[in-house]
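Listed below are the residues making up each chain.
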Amino acid sequence: MEGIEMEDPDLFPDSPTGNFCDSMLSHFSKSDQEDSQRLCATIGAMSQELKEQKLPLTPIAYFGATCSSLDCLSSQPVSPQVIQSLTTILSLLLPRIPVAVLKKKGDFVSKITVTVLRLNSVTEVTLASGLRCLAHLLITGEKVNWSDLSQNYSVILGCLTDSRPKVRRQSHLCVRDVLQSFRGTPVLAPASEALTNLFERFLLLAGGSNTNSNEGTKGAQEVLYILDALKDSLPLMSMKYMTTILKYYKTLLELRQTLVTRRVTDSLNVVCTYPNVEVSAEALLDLLSSLALSVSTNETSAVGMTFNARLLSSGMLKVYSLSRQLCVIKLPIVFSALKDILGSEHEESIFAATEGFKTLINGCIDEGLIKQGVDQVIISNSDDRKSGPTIIEKACATIESLLDYHYSAVWDIAFQVVSAMFDNLGYYSSYFMKGTLKNLADMQSLPNEDFPYRKQLHECVGSALGAMGPETFLGILPLNLEANDLSDVNVWLFPILKQHIVGAHLCFFSETLLGLVGEMKQRSRKLELEGKIFSSRSADALVYSVWSLLPSFCNYPLDTAKHFKDLLRSICSALREEHDVRGIICSSLRILIQQNKKIKEGKDDLDGADMSLAKQRAMSHYTPEIAGDNLNVLTASAPQLLPLLSGIFMESTVDEGGSLQSTLGEFASIAYENVVRTLFKKTMHRLLKVTQEAGIAEASRNNNSMEVNDSSVESSLSLERARLFDLAVSLLSGLDEPALDVLFSAIKPALQDVDGLIQKKAYKVLSIILRNQEGFLSAKLEELLKLMIAVLPSFHFSAKRHRLDCLYHLISHASKDDSQQRRQEILSSFLTEIILALKEANKKTRNRAYEVLVQIGHEYGDEDDSGQREHLFNMVARGLAGETPHMISAAVKGLARLAYEFSDLVSSAYKLLPSTFLLLQRKNREIIKANLGLLKVLVAKSKAEGLQAHLASLVEGLLKWQDDTKNHFKAKVKLLLEMLVRKCGIDAVKAVMPEEHMKLLTNIRKIKERKERKQAASSVESRSHLSKATTSRFDTMLYCIDTII
């Protein structure tokens, strides 16, 4: 009777009135089932009887009436349905009765319930309700004397093997709830013993009934029922009797019966995953070992193998938490079982085995186990080894065997397991996994058509590199640069080394790898003399490849303070002589400085979720004190490196990516003030001298304007001045206030220089100062504002982008001013210039102008005063009254960009629609193009509801202009109408469309319908392909479900 089946009767909802009868009627009266209707009639009659007797309609009153009725009717011949209704009511009432009342009346209620359950004509619902009643009495009663509880508990146990599924399931739940309430009390042991004895009795009956096949089948079925009950209850039992049952489980596993094995493993899984369960580590491990040994021979289904892999993983973790020593002994057996599962053909099983491997590697292979293995390896290296392999060696051998050809189909998965082992073993992986690394190297030589997992292979080799460190790694798997034939060099290792080296030693690079570099240079020269040009270039390429490893060696190195001085000599020599590696060396130096600065300032991210284990280990060696020592060594090298780098910077014609400049800036930030000051003074003196020479050359050229002069001198002077400006600003992070004033003094005349290159550099230097020196900007704000206005008439177009940067920094700083009038004055001084820059021919300048406009919108609109952004929009809109098409179109573009970026400005943009439609009639291509762009933004950013209010004016304005066939924007107008149809619907657009333009709307509708038909056809085809592709997986899923059932 589904209408009154309730596994959690205490969750039965109460009515708002608090009347139990009302609650019952509201829940069951909607059901058409006869039993539910009878239940409603019974509770209604009971409620009416209580009203007639003028008793309160409380749960206690219903409780008393129900118990009295059951007591009277249980001894009389009565319809089973009546008893069923009363028993159901009682089971629903008990959770609402105070515990004190139940303790007082518990014996009476128990007696009635047991009497009812023993009636001959009792129904399934009556039995289930009665079991719930007994369970609730056991849960709420005193838990001191087992003799007071044993009778009710025995009645519940007696139904565990009932042939009726509903009764049996209810008894299983009741035993679970009762044992849960018994935990931590004296009665848990006898309750567990009773359940264990029942299990033993049915096992004996099943084992001793071989002479009668019917009895044997019945006995086996009853054992299965008990196993179903134990799945929920076993983790709740006392440790002694749980151990006894686990021993029986081992015997049952040996039967190799699928139905039995599945129930045993299900129960075992609950024990392993149940929190805070007290279980015997020995018994659990014995059972897991037995399961592991039988995995490969007895389980072939995908569901079973997947479940077993997860069970072995969670089970071994449970054993490890109980007894580490016992767990690690059996790890090789479990690893072997997981290996067999990994070699299966079932995708889900393979995934489960992989996760199991990773879990056990990270959870059970600890430092103690690793150290034990290392000690044994060291002893065996010094003497003849007589003992067998250690546990960790066995586990590593199993992992290595995953690289056998037998597992070639899952090599990509196997690489993940191997990587996990390398990561966990760390440096000590060199003791146990040398052979694994060599096997990985051998796989590199496999042809591509037979080996599609090369990327995964390289990731795995990278894990080995990160674990061992480059010194040990290259000792096992050398680059082989000494090979007579350069084709034998392991060049495939260079990308892996570059990506995965972290926490290395600088001394290894300077002593070992740079030593090889010297040999390769000699070899290159020798080959060139022999006329072997190609081989010589190959040797040069290898030299470059070795140098390219330097940034990786500078990634959190472990010996910076001790050995950077040794590396410095080679670095300085290479910077002077080898142009190709300058960028690499500069990048390496920046990495060293930046990483140590972050750690010293406490800005390092040690909790990065995506950080590799190798990087975590390397960073764990760093502290603010160690970083400070490293920076002291780097600072000590600044007097040598800063002049060298600045000299190279001045001599080089190209600084790719600003590498030299950035490195100069990093060293200036950590160098002593006197070192930076000396270099800065030297730079400024040279700048003054070159500027004077340039002025003399310019004057000479003007005086001899009628003569043809060689401009190479002026060009070289101009380039040198530009370089000196770049060099000076590179030292910005180490300059004090007087030095900044000197640099500013040099910038001011350069802003009006006739040479476009010098002007561009001056603006660039000024923008860098304004971006990084807030104090300078605050102190000289007024002077800077006047300067920007004063130099405007003479500025060169090539400097426009950097001038925009300067203007943005000024406006941004002004936006923080307390005076709103002052903010508006500064903004209005430069806004027109920014708007006009939106029409610049140079793409970079144009894009920067858009960026500046948007940034100003954020600066003025992200504050509490939300009206500032709208005021900015209105200021831009004033450009619509401009006298030239250039100004008008620039203003429209600015409005479109602001409306696109800030949704709160869309409503303000709609107010400009009349002006927009008037401008569309100006017959100017530049203006029309900009206005159509604004309209497109409005349609795209508006919701359908907002567009509806302006739909008529939009359509009218577009179509009024659309008739002009001389322009080339009809396609854009049609696109806008299509967007309106998509947003508002074709009916809404049709309602405002003039009759003479209906053909256009009809064409749009037909195109839309044609696209929809094509999309529908392609969608059907895709679903067909998907259906065919997933048929096999669906069949597999059905098979798995059938197997579970």
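Provided above is the structure to which this section pertains.
These remarks concern the structure in this document. (Residues numbered from 1 in each chain as written. Predicted model: local features only at pLDDT ≥ 70, side-chain atom pairs only at ≥ 80, totals over all residues. Heavy atoms only, no water.)

1. Some points on the overall build of the chain
- For the chain, the count of helices and strands is 50 helices and 0 strands.
- Here the C-alpha atoms of the chain give a radius of gyration of 43 Å, more than 25% beyond the 31 Å that 2.2 N^0.38 yields for 1045 residues.
- Taken along the three principal axes of its C-alpha coordinates, the chain extends 135 × 95 × 55 Å.
- By residue count, 50% of the 1045 residues in the chain fall in the buried class.
- A separation threshold of at least 6 residues defines the contact pool for the chain, and within that pool the share at least 24 residues apart is 72%.
- Accessible area for the chain stands at about 50,500 Å²; split by element, carbon and sulfur atoms hold 51% of it. (Helix = DSSP H or I, 4+ residues; strand = E, 2+ residues; numbered from the N terminus. Rg over C-alpha atoms; globule rule 2.2 N^0.38 Å. Buried < 20%, exposed > 50% of the residue type's maximum accessible area, 1.4 Å probe, protein only. Contact = heavy atoms within 4.5 Å. Areas by Shrake-Rupley, 256 points an atom, 1.4 Å probe, with all protein chains shown as cover.)

2. Topic: the pattern of salt bridges
- What the rule picks out here adds up to 30 salt bridges.
- Arginine 686 is paired through a salt bridge with glutamate 720; the nearest N and O atoms lie 2.6 Å apart. Here arginine 686, found in helix H33 (residues 673–703), pairs with glutamate 720, found in helix H34 (residues 712–730); they are 34 residues apart in sequence, far enough to count as distant.
- Look at arginine 686 and you get partly exposed, because its relative accessible area is 30%.
- The shortest N-O distance in the salt bridge between arginine 897 and glutamate 901 comes to 3.2 Å. With arginine 897 and glutamate 901 both in helix H43 (residues 885–901), this residue pair falls 4 residues apart, about one helical turn. (Salt bridge = Lys/Arg side-chain N within 4 Å of Asp/Glu carboxyl O.)

3. With respect to the packing of helix H8 (residues 165–182) against helix H9 (residues 188–207)
- Interhelical geometry of H8 versus H9 gives an angle of 150° and a closest axis separation of 9 Å. Taken together, H8 and H9 sit at an angle that is classed as roughly antiparallel. The handedness of the crossing between H8 and H9 is left-handed. Taken together, the residues of H9 that come into contact with H8 (itself represented by Val175, Leu179 and Phe182) are Leu188, Ala191 and Leu195.
- Each residue belonging to the contact of H8 with H9 can be placed in one class, and the counts come to 6 nonpolar, no polar and no charged. (Axes fitted to C-alpha atoms, helices over the stretch in contact; angles between N-to-C directions. Parallel < 35°, antiparallel > 145°, perpendicular 65-115°, else oblique. Left-handed = near helix turned anticlockwise from the far one by under 90°. Nonpolar A, V, L, I, M, F, W, Y, C, P; charged D, E, K, R; others polar.)

4. With respect to unusual backbone geometry
- Located in the positive-phi region is asparagine 480, a residue other than glycine, with phi close to 65°.
- Take asparagine 480: it is sitting in the loop between helix H23 (470–476) and helix H24 (493–500).
- Note on asparagine 480: relative accessible area 30%, which makes it partly exposed.
- One non-glycine residue, tyrosine 556, adopts positive backbone phi at about 50°.
- Positionally, tyrosine 556 belongs in the loop between helix H27 (550–553) and helix H28 (560–577).

5. Regarding the packing of aromatic side chains
- Under the defined criterion, the tally for this structure stands at 18 aromatic pairs.
- A ring pair is formed by phenylalanine 415 and phenylalanine 451, whose centres lie 6.4 Å apart and whose planes are at 75°; its orientation type is edge-to-face. Linking phenylalanine 415 in helix H19 (residues 411–425) with phenylalanine 451 in the loop between helix H21 (434–443) and helix H22 (454–468), this pair joins segments that are 36 residues apart in sequence.
- Residue class for phenylalanine 415 comes out buried when judged on its relative accessible area of 2%.
- A relative accessible area of 2% means that phenylalanine 451 is categorised as buried.
- These aromatic residues form a ring-pair network of at least three members: Tyr405, Trp411, Phe415, Phe451 and Tyr453.
- Against the face of phenylalanine 795 rests arginine 803, its NZ or CZ located 5.8 Å from the ring centre.
- Geometry around tyrosine 900 places lysine 941 over its ring, the cationic atom sitting 5.4 Å from the centre. (Phe/Tyr/Trp six-rings, centres within 6.5 Å; stacked < 30°, edge-to-face > 60°. Lys NZ or Arg CZ within 6 Å of the ring centre and 35° of its normal.)

6. Regarding the side chain of serine 280
- Relative to the assigned elements, serine 280 resides in the loop between helix H12 (258–273) and helix H13 (281–298).
- In terms of polar contacts, serine 280 uses its side chain to reach the side chain of glutamate 282, at 3.2 Å.
- For serine 280, the contacting residues outside a window of four places in its chain are Met239 and Thr243. (Polar contact = N/O pair within 3.5 Å; in protein donor to acceptor, adjacent residues only side chain to side chain.)

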